[in-house]
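# Analysis of the macromolecular model
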Amino acid sequence: MTTMTLLQAVNSGLKDIMQDDDRVVVFGEDVGINGGVFRATEGLTKQYGEERCFDTPLAESGIIGVAIGMALYGMRPVPEIQFADFIFPAFDQIVSEAAKMRYRSGGEFTCPMVIRTPYGGGIRGGHYHSQSPEAYFCHTPGLKVVVPSTPYDAKGLLISSIRDEDPVLFLEPKRIYRSTKQDVPEGVYEVPLGKARIARAGKDVTIVTFGAMVSICEKAAEDAAAKGMDVEIVDLRTLLPLDEEAILTSVAKTGRLVVVQEAPRFCSFGGEISAIVAEKAIEYLQAPILRVAGFDTPFPYSLEHVYMPDAKRVLAAVERAVNF
Amino acid sequence: MATVKSKAKPKPKAKAAAVRRPKSPSAKVAAATKSKSAPAVASKRAMSKPSKNVLVPRGAPRTDDAPWSVLRADGTALPGRDPKLAPELMLRMYRAMTLIRALDGRMLILQRQGRIGFWGPTRGQEGATIASCAAFEDRDWILPALREGGCALYRGFSLTELVAQTIGNALDRVKGRQMPCHYSFKEGNYVAMSSVIGTQIPHAVGVALGAKTRGDDVVAAGYMGDGATSSSDFHVAMNFGAVSKAPVVFICQNNQWAISVPIEKQTVSSTIAVKAVAYGMEGVRVDGNDVLAVYSATKRAVDKARAGGGPTFLELLTFRVLGHSSSDDPTRYRDESCVKEWEAKDPIVRFRRYLESRKLWNQALEDELDGQHQAAISQAIKAAEAAPAVPTATIVDDVYATVPAHLKEQLRRTLDDLGG
Amino acid sequence: MTPMAEDLLSVLEPKSAKGKSAKIALPKGLDRAKVQRMYRLMVQTRQLDDRAMKLQRQGRIGFYVPSIGQEACAVGSAFALSDKDWCYPSYREPGAALAVGVSIQAMIHQLYGNAEDVTKGRQMPVHYAFRKQRYVSVSSPIGTQIVQAVGTAMAQRIRKEKAISITYFGDGATSSNDFHTGLNFAAVYKAPTIFLCSNNQWAISCPLGQQTASDTIAVKAKAYGMPGVRVDGNDVLAVWQATSEARARALAGEGPTLIEALTFRIGPHSSSDDPSRYRPNEQLETWQKKDPIERLKKFMKSAGMWTEAFEKEVVESAIDEVNAAVKHAETVPLPASSTLFTDVYATMPPHLVEQQERLLALEKAQGGAEIDKNAAFPL
């Protein structure tokens, strides 16, 4: 066990899986000698050579397109997109190609790969270094979407994603890259995909959330406890495939649901959670499903702190649900 | 076939990759392609004495660059250019070219009769398609565009499976998931095609880099049309390929039309080949209707890639004689007199004249071959049409390696709603 | 005569036919006053950069992108524009903004993202937008502006305006999708566009040799059938001349030009970057000797355009202007929370009205959200 930040856990996961599986290749912009702009790939080129961790020209569609070709050939590419906000030139390759390859070839050709990319706000990054684009990708059959919220999960989920037979978008909450530390095992271990985690047990209201919002909700839950409200937090960990059972079990217990996400509200992942609960657990609900989300505006710079859901906004929603 | 070697413990992927070789209708001919005698002469010549149509990175492009050719219109070879290929190889190419021409005719009829939904013809491009593909080894990978179905056939894809794919029934190995002509042929290292223009080009670079990293002796072919050179994936693939010296050959079938857009509205560069200069790559312009020129130029590029010399960009100048597809009517946008001009440059006729001059072909053989093609196609259509529809339950297969819970539920509910 | 893509156009270091150095000739169209003006613009850019980097280090602004060493690329090219031309910059052309008439105060307000920032604090520092000067909003994604400039140029051609569009980008952007589509569209439609690539040889940590295998950036023009010009990017007069010639060709209906201005990124990629992690020091030292301001000063001295008094006035007035602008910007508050919801659409749709009302009610009940002091930008 070593105490690590989430960022160090990602780095450790890459190092260990590259040792374990020589098909794993890491590449992207500035990931080589510079170790990535966040240092997630620090030391990989040194340890494994330039063939297995290398810098690419500045073209996201090229990074993903080449990764697909490598995966078709039998490698396990782990390309990095420097910021999730820069993924859109590669949208075509991800959505039209990687996600459909298995299906369109009748299972003959597959491209298991993990696209790592830091996402989310809270680092003073303005429009283009802050967005949470998960909904675009969760709307794409054939892709899996994974979002860790703790160092332990980050390493275990990353390794599971790399070992998975399907393409995975691995969204790393950069706001909490360095904010908390946790004991993380050395060597490879897996945290299974498709299994949520109960981050906090409670009986009055369920919060379903993921990524950097988990710690915000934990803070709100403490504030709620001080006011006599017992909050349960479901940390999804994998958005697709979704652990519906964990959500429905929790809602059946508490009878109230608040969904918290950073992304804008309209047509968002939180909307899907709400729809599933409305379809399958409406008989348990004692209050309307509430969503706390980013505003339906582009991500701002100066007013970032206003835009991002904080513990106050989460608490307000919890109170509305409980007092309905 | 690329067998992915794994130094660590054996991986499932590596096992899956070790597949049988395609049963080629002419296995002996396949062996003949490995003979280095004749084509090597042409390669050496082309390398030692670059003609002005071989654009080296430092050279200035010229608008009057004549494409590299070997055969005159009458089928005789230009002095010193005949690669003197093995007869078996040439006859194998000729059979494949005539087969895909015959197939175009029959499949367009099936489409008009409503028996298949769509067909993308190759007519006029048979030489570029087959002769380029023939210059690769079977273990090399092909990342095709729309008009390279002939490459799959050349590598042993069965006619019945090809026809079944156009029907999309239970015999179709892609389970009716894609439009006609979007084949997948894993044993032939022929990757499932996408309708999206240009997306396969970076995949070819990735395959090549995967092979390079593994130390496999495998070259990748990235095919495209002239329209694809405008796509962003063309740009990133050419750049990544050149920077990484990937063992890849980029092959542009310049058929001069992207649906209704002529080449002069697609780009105003002096040639397509000159675009290679932007990437520090060698670009070669080739007469795409000249089987021997296409084979020689491609073989040279493949050999170079195999030897670690990095990628080459080939422009195969040819012409789309028919519409873009069975849904397209070219008389809406082009003067069909240009078709006559290009029919005079027909790659099959030109190659046949050469074969006849070499006493390798004659009218009797031609008649016999045509009968064989028609019979084979008829039999394939019959066999393919006899297959049942794709089972409903397959709709949720192959989205992921295993069917996830929500898809199982969706299928169950839908079947329940439909009354089981 | 279009210079060949392989040649390096230089005014300050002219070579005679035999390769020996020749006498410097001021390009036609420039005079003493114009040269002095360009010198002043470069000094202003340098002073703004210096001060802004210090403000960032002191935690007074969140982020900055310096252009030190590249002032000649931005100033020399933008100085060749008319007041009808449009400018699509990247984030490393503050000199171009100054050259087209943007005030230092307006730029510093943007760095603070305060209530007087014309972009209302919506973007990170240096992502300027100045409608009046036709200086279009800077984006962080690399290369997206290139193809947009072509659209403007096509519109200028359709409307038969005596105007062109110029777009700026770095060497890294030549790998982007939008470079390829932008240059191809411009060439096919003969759009009056100037593509100015400031080749500073580094895309964050990626050196030019890993970015492209082509001999030069300028040679890429051949792929699109347009002229490619390679110019000494630390020679403001040469950059001005190449841009002026490209502009004349564009206005004459002869279409676009790709200009590669060969220069060097003396500083880091941004205030978050540490180039000593990846860049050899010798390369830096070589290029520090080619400082574009010093080179122009040397020429001006020899041509009798420069005096100690002139230097003092130029530098001091630039510092004074920057100081005054910083002082004022720091008195201006952040934009109001309600501005979060404006400018998403021309008129605010009902769901945003509702979100705005809820936010303001919550702020009233619980107080406003707190700024996260730990937030630090890594790139």
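Counting restarts for each chain: residues are numbered from 1 in the order of the written sequence. Whichever chain is written first is A, and whichever ligand is written first is 1; the rest continue in order. Thresholds applied to this predicted model are a pLDDT of at least 70 for local features of residues and 80 or more for the giving and counting of side-chain atom pairs; totals over whole chains, interfaces and linings are not thresholded and use all residues. Side-chain numbers here rest on the full set of heavy atoms in the structure, without hydrogens or water.

### Looking at the overall build of chain B
To qualify as a helix, a DSSP run of H or I must reach at least 4 residues; to qualify as a strand, a run of E must reach at least 2; elements of each kind are numbered from the N terminus. Across its full length, chain B holds 15 helices and 8 strands. Burial status follows relative accessibility: with a 1.4 Å probe on protein chains alone, a residue under 20% of its type maximum counts as buried, one over 50% as exposed, and anything between as partly exposed. Out of the 420 residues belonging to chain B, those deemed buried represent 60%. Whether two residues touch is decided by their heavy atoms; if any such pair falls within 4.5 Å, the residues are in contact. Of the contacts made within chain B by residues no fewer than 6 positions apart, 75% connect residues no fewer than 24 positions apart. Residue-level accessible areas treat just the shown protein chains as cover; the underlying method is Shrake-Rupley with a 1.4 Å probe. Just so you have it, chain B exposes about 16100 Å², and 56% of that area is on carbon and sulfur atoms.

### Observations concerning the confidence of the model for chain B
pLDDT is a residue-level measure of predictor confidence that goes from 0 to 100. With 84% of its residues at a pLDDT of 70 or more, chain B shows a mean pLDDT of 86. Across residues 1-64 of chain B, confidence stays below pLDDT 50; counting only partners more than four residues off in sequence or on other chains, it has 118 contacts.

### Things to note about the interface of chain B and chain C
The interface of chain B with chain C comprises 26 residues on the first partner and 24 residues on the second. It is B:His235, B:Val268 and B:Ala278 that lose the most area in chain B upon contact with chain C, and together they represent 28% of the buried surface on that side. Throughout this description, the term salt bridge denotes a Lys or Arg side-chain nitrogen within 4 Å of a carboxyl oxygen of Asp or Glu. Taken together, the connections running from chain B to chain C amount to 0 salt bridges. Pairing of N or O atoms within 3.5 Å defines a polar contact, subject to two protein rules: one partner must be a possible hydrogen donor and the other a possible acceptor, and residues neighboring in sequence count only if both atoms are side-chain atoms. At the boundary of chain B and chain C, one finds 10 residue pairs in polar contact (both at pLDDT 80 or more). Taken together, the elements giving at least two residues each to the side of chain B that touches chain C come down to α9 (232-244) and α10 (263-266) of chain B. Put simply, buried area is how much 1.4 Å-probe accessible surface two parts lose in total, over both of them, once they are put together.

### Side note on the interface of chain B and chain A
Each partner contributes to the interface: chain B provides 55 residues, whereas chain A provides 45 residues. The junction of chain B with chain A conceals about 4200 Å² of combined surface from both sides, 61% of it contributed by carbon and sulfur atoms. Inspection of the region where chain B meets chain A yields 3 salt bridges. A salt bridge links B:Arg173 to A:Glu108, with the shortest nitrogen-to-oxygen separation between them at 2.5 Å. Inspection of the chain B/chain A interface yields 21 residue pairs in polar contact (both at pLDDT 80 or more). Ranked by residues supplied to the side of chain B that touches chain A, first place goes to helix α8 (residues 200-214) of chain B with 11 residues.

### Describing the domain arrangement of chain A
Residue and element names in this part refer to chain A. An automatic or database domain assignment provides the domain bounds reported here. What the domain assignment reports for chain A is domain 1 (2-184) and domain 2 (197-322). Contacts between the two partners involve 29 residues from domain 1 and, on the opposite side, 26 residues from domain 2. Taken together, both faces of the contact between domain 1 and domain 2 bury some 2100 Å²; the carbon and sulfur share is 58%. Linking domain 1 with domain 2 are 2 salt bridges, by the criterion used here. Across the pair arginine 197 and aspartate 153 runs a salt bridge whose closest N-O atoms are separated by 3.6 Å. Inspection of the region where domain 1 meets domain 2 yields 12 residue pairs in polar contact (both at pLDDT 80 or more). Listing elements by their share of the side of domain 1 that touches domain 2, those giving two or more residues are α6 (134-138), β6 (144-146) and α7 (151-163). The classification used treats Ala, Val, Leu, Ile, Met, Phe, Trp, Tyr, Cys and Pro as nonpolar, Asp, Glu, Lys and Arg as charged, and all other residues, Gly among them, as polar. By residue class, the composition of the side of domain 1 that touches domain 2 is 12 nonpolar, 12 polar and 5 charged.

### Section: the sheet that holds strand β7 (residues 257-262) of chain C
Residue and element names in this part refer to chain C. Think of it this way: DSSP has to see at least two bridges between two strands before they count as a pair. If you walk across this open sheet you meet the 5 strands as β1-β2-β3-β7-β6, and the pairing is parallel. The open sheet has two free edges, formed respectively by β1 (86-88) and β6 (228-232), since each of these has just one partner strand. Strand-to-strand twist across the sheet, computed as the mean angle between neighbouring axes with direction ignored, equals 20 degrees. Bridge count for strand β2 (residues 165-170) against strand β3 (residues 193-199) is 6 bridges, and the pairing is parallel. When the bridges of β3 are listed, isoleucine 166 appears paired with isoleucine 194. Interaxial angle, 0 to 180 degrees, is taken between N-to-C directions of lines fitted to C-alpha atoms, where a helix line uses only the stretch in contact.

### Things to note about the state of the cysteines
Between two cysteines, a covalent bond joining their sulfur atoms is known as a disulfide. All names here are of chain B. Here, the term disulfide refers to a pair of cysteine sulfur atoms separated by no more than 2.5 Å. This model, assessed by the stated rule, comprises 0 disulfides over all chains. A disulfide-free cysteine, cysteine 181 has its sulfur positioned 13 Å from the sulfur of cysteine 151, the nearest such atom. Note on cysteine 252: no disulfide assigned, nearest cysteine sulfur contributed by cysteine 151 at a separation of 14 Å.

### Here's the deal with the packing of aromatic side chains
Pairing of aromatic rings covers Phe, Tyr and the six-membered ring of Trp, with a centre-to-centre limit of 6.5 Å; geometry is then stacked below 30 degrees between planes, edge-to-face above 60, and tilted otherwise. According to the stated counting rule, one finds 32 aromatic pairs over all chains in the structure shown. Here A:Tyr73 and B:Trp141 contribute two aromatic rings whose centre-to-centre distance is 5.5 Å and whose plane-to-plane angle is 55 degrees, an arrangement assigned as tilted. Here the residue A:Tyr73 occupies a position in helix α3 (residues 60-73), and B:Trp141 occupies one in strand β2 (residues 141-143), the pair thus bridging two chains. Judged on exposure class, the residue A:Tyr73 and its partner B:Trp141 are both buried. An angle of 90 degrees between the planes, with centres 6.0 Å apart, marks the rings of A:Phe210 and A:Phe269 as edge-to-face.

### Considerations on the nonpolar core
Formed by 231 residues in total, the largest nonpolar core has its most connected members in A:Leu236, B:Phe250, B:Phe313, C:Ile108 and C:Leu237. Counting residues per element, this core draws most heavily on helix α1 (residues 32-57) of chain C, which supplies 10 residues. Among residues more than four places away in sequence, those in contact with B:Phe250 are B:Ile201, B:Val205, B:Gly222, B:Met224, B:Ala237, B:Met238, B:Gly241, B:Met281, B:Pro311, B:Thr312, B:Phe313 and B:Leu314. One finds B:Tyr94, B:Phe136, B:Leu292 and B:Ala380 within the second-largest nonpolar core, a separate group that totals 73 residues. Nonpolar cores were defined as sets of buried Ala, Val, Leu, Ile, Met, Phe, Trp, Tyr and Cys residues, with membership established by side-chain atoms within 4.5 Å.

### Describing the side chain of A:Glu60
Mapped onto the elements of the fold, A:Glu60 is located in helix α3. Despite being buried, A:Glu60 has no salt bridge partner; A:Lys174 is the closest side chain of opposite charge, sitting 13 Å away. For the purpose of counting charges, residues Lys and Arg are taken to be positive, whereas Asp and Glu are taken to be negative. His and the chain ends are not included.

### A look at the pattern of salt bridges
Enumeration over the complete set of coordinates arrives at 61 salt bridges over all chains. The partner of B:Arg101 in a salt bridge is B:Glu126, and the shortest N-O contact between them spans 2.8 Å. With B:Arg101 in helix α4 (residues 87-112) and B:Glu126 in helix α5 (residues 126-134), the pair connects residues that are 25 residues apart, well separated along the chain. Overall, the relative accessible area of 0% leaves B:Glu126 in the buried class. Note that B:Asp398 and B:Lys175 form a salt bridge whose closest N and O atoms lie 2.8 Å from each other. Placement of B:Asp398 in the loop between α14 (363-385) and α15 (405-417) and of B:Lys175 in the loop between α7 (159-167) and α8 is noted, with a sequence separation of 223 residues between them. With a relative accessible area of 14%, B:Asp398 lands in the buried category. On the basis of relative accessibility, which here comes to 28%, the residue B:Lys175 falls in the partly exposed class. What emerges from the salt-bridge pattern is a single network uniting A:Arg102, A:Lys144, A:Asp164 and A:Asp166.

### Quick word on the pairing of strand β10 (residues 205-209) of chain A
All names here are of chain A. Extensive coverage of β10 is indicated by the burial of 5 of its 5 residues. Here β10 shows no split at all, with Val205, Ile207 and Thr209 on one side and Thr206 and Val208 on the other all buried. Examined bridge by bridge, β10 and strand β11 (residues 231-235) share 5 bridges and lie parallel to one another. Across the sheet, residue threonine 209 finds its bridge partner in β11, namely aspartate 235.

### A closer look at the sheet that holds strand β9 (residues 197-200) of chain A
Residues and elements named next belong to chain A. The 5 strands lie next to each other as β9-β11-β10-β13-β14, forming an open sheet whose pairing is mixed. Whereas interior strands pair on both sides, the edge strands pair on one side only; in this sheet they are β9 and β14 (290-294). Each strand axis lies, on average, 25 degrees off the axis of its neighbour in the sheet, ignoring direction. Note: β9 against β11, 3 bridges, orientation antiparallel. When the bridges of β11 are listed, arginine 197 appears paired with aspartate 235. Across the sheet, helix α12 (residues 311-322) is in contact with β10, β11, β13 (257-264) and β14; its angle to β14 comes to roughly 165 degrees.

### Section: the packing of α9(B) against helix α6 (residues 177-188) of chain C
For any two helices packed against each other, one specifies the inter-axial angle together with the distance between the axes. The interhelical angle for the contact between α9(B) and α6(C), taken along N-to-C directions, is 120 degrees, at an axis separation of 8 Å. As judged from the angle between their axes, α9(B) and α6(C) are oblique. Read as a crossing pair, α9(B) and α6(C) show a hand that is right-handed. Contacts between α9(B) and α6(C) involve B:Ser232, B:Phe234, B:His235 and B:Val236 on the former and, on the latter, C:Asn177, C:Phe179 and C:His180. Its residues assigned to classes, the contact of α9(B) with α6(C) shows 3 nonpolar, 4 polar and no charged. An angle below 35 degrees is read as roughly parallel, one above 145 as roughly antiparallel, one from 65 to 115 as roughly perpendicular, and any other as oblique. Each helix crossing is assigned a hand: it is left-handed if the near helix lies turned anticlockwise from the far helix by less than a right angle, otherwise right-handed if that turn is clockwise.

### What to know about the domain arrangement of chain B
Each domain of chain B was delimited in the assignment, giving domain 1 (33-389) and domain 2 (392-420). Spacing between the C-alpha centres of domain 1 of chain B and domain 2 of chain B amounts to 39 Å.

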